[in-house]
Amino acid sequence: MITGRVQGVGFRPAVYRIARMLGLSGLVYNDTRGVTVELQGRERKISEFLDRLRSGPDKPPLADIKSCTAVDIPVIEGEDSFVIAESDSRGAALSQVTPDIATCGDCLAEMADTEDFRYAYPFINCTNCGPRYSIVKTIPYDRPNTTMSVFEMCDRCAAQYADVGDRRFHAQPVACPACGPKVVLTDSRGGITRGQSEAAISEAARLLRAGRIVAVKGIGGFHLAVDALNNEAVERLRERKGRDHKPFAMMTDSVERVRQYAVVDESAEGLLRSPQSPIVLAPRRYDAKIAPSVAPGVNTFGFMLCYAPLHYLLFAHGLKVLVMTSGNISDEPLICENDLALERLGCVADAFLMHDRRIYRQVDDSIVHLIEGEPVLLRRARGYVPRPIVAELSCDVDILAAGADMKNTFCLVKQNQLICSEHIGDLEDAEVYHHYINSIGHLRGLFEVEPEVVACDLHPGYLSSGYARSLQGLQLIAVQHHWAHIASVLAEHGAEGPVIGLECDGTGYGTDGAIWGCECMIASLDRFERFGHLAYYDLPGGDAAARQAVRPLLGLLRETCGDFELLKFRWLLERIEPDEERLRIICEQLDKQVNCVQTSSLGRVFDAVAAMLGLGAYNHFDAQLPMALEAIAQAETEERYGFEVTPTKPVQLNLDRMVVELINDIKEGLDRALIAAKFHNCLAAGLFEMGKAARESSKLNTVALSGGVFCNRYLTSRLVLLLKNDSFEVLSNREVPSNDGGISLGQAAIAAKIVCCGSSPGASSQRLKRS
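The structure reproduced in this document is the subject of the present report. All figures in this text were calculated on a predicted structure; none of them were measured in a lab.

Rules behind the numbers
Residues numbered from 1 in each chain as written. Predicted model: local features only at pLDDT ≥ 70, side-chain atom pairs only at ≥ 80, totals over all residues. Heavy atoms only, no water. Helix = DSSP H or I, 4+ residues; strand = E, 2+ residues; numbered from the N terminus. Rg over C-alpha atoms; globule rule 2.2 N^0.38 Å. Buried < 20%, exposed > 50% of the residue type's maximum accessible area, 1.4 Å probe, protein only. Pairing = 2+ DSSP bridges. Axes fitted to C-alpha atoms, helices over the stretch in contact; angles between N-to-C directions. Parallel < 35°, antiparallel > 145°, perpendicular 65-115°, else oblique. Left-handed = near helix turned anticlockwise from the far one by under 90°. Contact = heavy atoms within 4.5 Å. Expected span 1.5 Å × (residues − 1). Phe/Tyr/Trp six-rings, centres within 6.5 Å; stacked < 30°, edge-to-face > 60°.

Thoughts on the overall build of the protein
Consideration 1: Within the protein, the secondary structure is distributed over 22 helices and 32 strands.
Consideration 2: In terms of overall dimensions, the protein is globule-like: its C-alpha atoms have a radius of gyration of 27 Å, near the 28 Å expected for 771 residues.
Consideration 3: With the C-alpha coordinates of the protein rotated into their principal frame, the extents come out at 90 × 65 × 55 Å.
Consideration 4: Per-residue burial for the protein yields a buried fraction of 61% across its 771 residues.

Thoughts on unusual backbone geometry
Consideration 1: Residue proline 140 is reached from isoleucine 139 by a cis peptide bond, and omega for that bond is 10°.
Consideration 2: Within the element layout of this structure, proline 140 appears in the loop between α3 (105–111) and α4 (155–162).
Consideration 3: Put simply, lysine 649 and proline 650 share a cis peptide bond, and its omega is -5°.
Consideration 4: Topologically, proline 650 is positioned in the loop between β28 (644–646) and β29 (651–654).
Consideration 5: If you check the backbone angles, alanine 120 has positive phi at about 60° while not being a glycine.
Consideration 6: For alanine 120, a relative accessible area of 27% gives the class partly exposed.
Consideration 7: Phi angles above zero are rare outside glycine, and histidine 170 is one such case at about 55°.
Consideration 8: Structurally, histidine 170 is set in the loop between α4 and β6 (183–187).
Consideration 9: Assessed through its relative accessible area of 22%, histidine 170 is described here as partly exposed.

Focus on the pairing of strand β25 (residues 528–534)
Strand residues, when the strand is regular, have side chains that alternate between the two faces of the sheet.
Consideration 1: The element β25 is extensively covered by neighbouring structure, given that six of its seven residues are classed as buried.
Consideration 2: Of the pairings in the sheet, the one linking strand β24 (residues 515–523) to β25 comprises five bridges and is antiparallel in character. The residue bridging isoleucine 522 from the neighbouring strand is glutamate 529, located in β25.
Consideration 3: Where β24 folds back on β25, the antiparallel hairpin that results is connected by four residues.
Consideration 4: Pairing analysis gives three bridges linking β25 to β29, with the strands arranged parallel. Paired with histidine 533 across the two strands is glutamine 652, which belongs to β29.

Description of the packing of helix α20 (residues 672–698) against helix α21 (residues 713–725)
Consideration 1: Look at α20 against α21: their axes get within 9 Å of each other, and the N-to-C directions meet at 40°. One element, α20, and the other, α21, form an angle in the oblique class. Considering only the axes of α20 and α21, their crossing is right-handed. From α20, Ala677, His680, Asn681, Leu683, Ala684, Ala685, Leu687 and Phe688 reach across to α21, where they touch Tyr714, Leu715, Arg718, Leu719, Leu722 and Leu723.

A few points about α20
Consideration 1: Taking 1.5 Å as the rise per residue, α20 with 27 residues should run 39 Å; its terminal C-alpha atoms sit 39 Å apart, in good agreement.
Consideration 2: Taking burial as the measure, the 27 residues of α20 include 19 buried ones, the bulk of the element.

Points about the packing of aromatic side chains
Consideration 1: Under the counting rule described, the total for this entry stands at nine aromatic pairs.
Consideration 2: Judged by centre distance (6.1 Å) and plane angle (40°), the rings of tyrosine 433 and tyrosine 436 are tilted. Of this pair, tyrosine 433 and tyrosine 436 both sit in helix α11 (residues 430–447), three residues apart, roughly one helical turn.
Consideration 3: Summarising the aromatic geometry, the rings of tryptophan 483 and phenylalanine 528 are spaced 5.2 Å apart at their centres and angled 40° between planes, so their arrangement reads as tilted. Linking tryptophan 483 in helix α13 (residues 481–492) with phenylalanine 528 in strand β25, this pair joins segments that are 45 residues apart in sequence. Both residues of the pair, tryptophan 483 and phenylalanine 528, count as buried.
Consideration 4: Cluster of aromatic residues (ring-pair linked, three or more members): Phe410, Tyr433, Tyr436 and Tyr467.

Here's what the structure looks like:
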């Protein structure tokens, strides 16, 4: 029995070829757990077979073997052949589903070959590339279980599909112009303007060159495409989509083209060319001719290369670089159905380049950036999902982890597999919430998960927690937000802890009812202790404080200056909030403690500092102001502001000196790039000192970093350098985002540990009764 990513990657043909080459008899077939191989022959040949399959040149490029269990079976007299047998769909669904993979070089060569019968075919694929997760309905991964089942193969495709020596042997989406999906171009009302694929693609490219907006149906859903060099066209897209400020991703057809607009090092090039083909954030060239409205307020561009044949065919018509943003109205779910796209995006797109291959599962593009040369996921979706995190511990019961409300993902536990969903979005939008519920049902069905336990965030107001509590008859495990962040790192690295956990983000409900957001923990998968935190300050206005930077700023000023008077800071506040009456009301809130909560949020400190430096007063999207602050920081300086780490229980990181010194620098007109750098350096040093205090107390030497603040490359790089130079071992998120997109993995790992080993004082647990 072989488990891992072994279905939909050409694994059975590889097994067949190696067995025949070595003169072994037997059979191979897919089942719900992976691939089963029965071999008969000399022991030496069987050992060679296993070596070749695990690491030899015959191993399929997309295969990833997690386990290979061998047992002796009786000899079958007279058996002299090796065959590929029919799949076995019985048993629990444990086989890994392969993510959607970018078009391979062999298929691109065939698509460009005028003599090939798939010349210029927008859906060319093979066992090494093409759609997988987005088209599969159930496992095993066979054509009848995918959305390609409605396309009957022609004789030529069927011959390749059945030929074990062919690259398309059992390539489930295999098709050609004669028998497969087709592309059409329609107007915004759905009227077909071009019904032939070549004509449709050519006309779509012409419209894009002319500055029009085209909705393009790809692998996991629709993109809204527009010429990234045409500022007027990009601004029109922003207006119609309702996305005023958030940076757009871009697509082009070569790394060489990306280098005209961004700095691409060897690591970034490897990611761009990888089978996952994510959006890669790279430092922008400031002489780049990209339209200014593509990515305002940040110092990076997000680029991906073409990853579907249709993309390459579009760019072959003289396109240079396109904005390729998710096909939705801002903050709503990605659209993947043709009729819904026409209904919802008819007021956005001027034309629709669509096809008739159904997308069963919409999947957004993944986003990756590099920290110290290492890839770190910011959004985990196409190309990476649903690849599981494999745990050492196997759980006897199925578990659902509901995730967080922002940047939501959820996670299923099936034996030793922790299966995280793709990026879902922010659940406060009703359509996203319904998409979340439907997505849980889909992934549960795909992997045949019947949860007996549900884990959720401790926050009583989270929609995800409310959903978890609505599931009758399941054991509920409520997990503190920041503990889940650290647990996600432990799960990724196959560790149980304890470790020193440094967790920094914008908000998370604490066990004392405060809003936590800069924490130092001693944490393992079954318990945590809050060792230290950022000194509390008052946060007026609840959720409004996450958007309006003046609110945390006034809370910090009041905490720092005991004799706080509004007039004393009028010079600083007037460019942030010119309405004096509103300032007075917020100050009154603070004085009377009306709708105020104590917080240790580091994310809100970033907002306040960015506002003081004139970078904006409002977060139009999550972390807009912190991103702007990171973008201007001058990396060359080692200067920093002062702070104190007080030896209380718990230890507190006090930033009063930092606030006073920073305001004095603003008064004196110091360059804001230097101020931003001194601020970042102060935080890195303060977190490092908290980590050292925790090491002295606990005698632990491993630090785990997590939380949305560690999406900040400047801060993370500085802190990791300080820790490593002091001989700490540093663990951080790589496979899942450090932001709230990784919360569900941490919840799942904690719940699995509690269920397998007994309840923990680190979590609240109760059983919900059936009504």
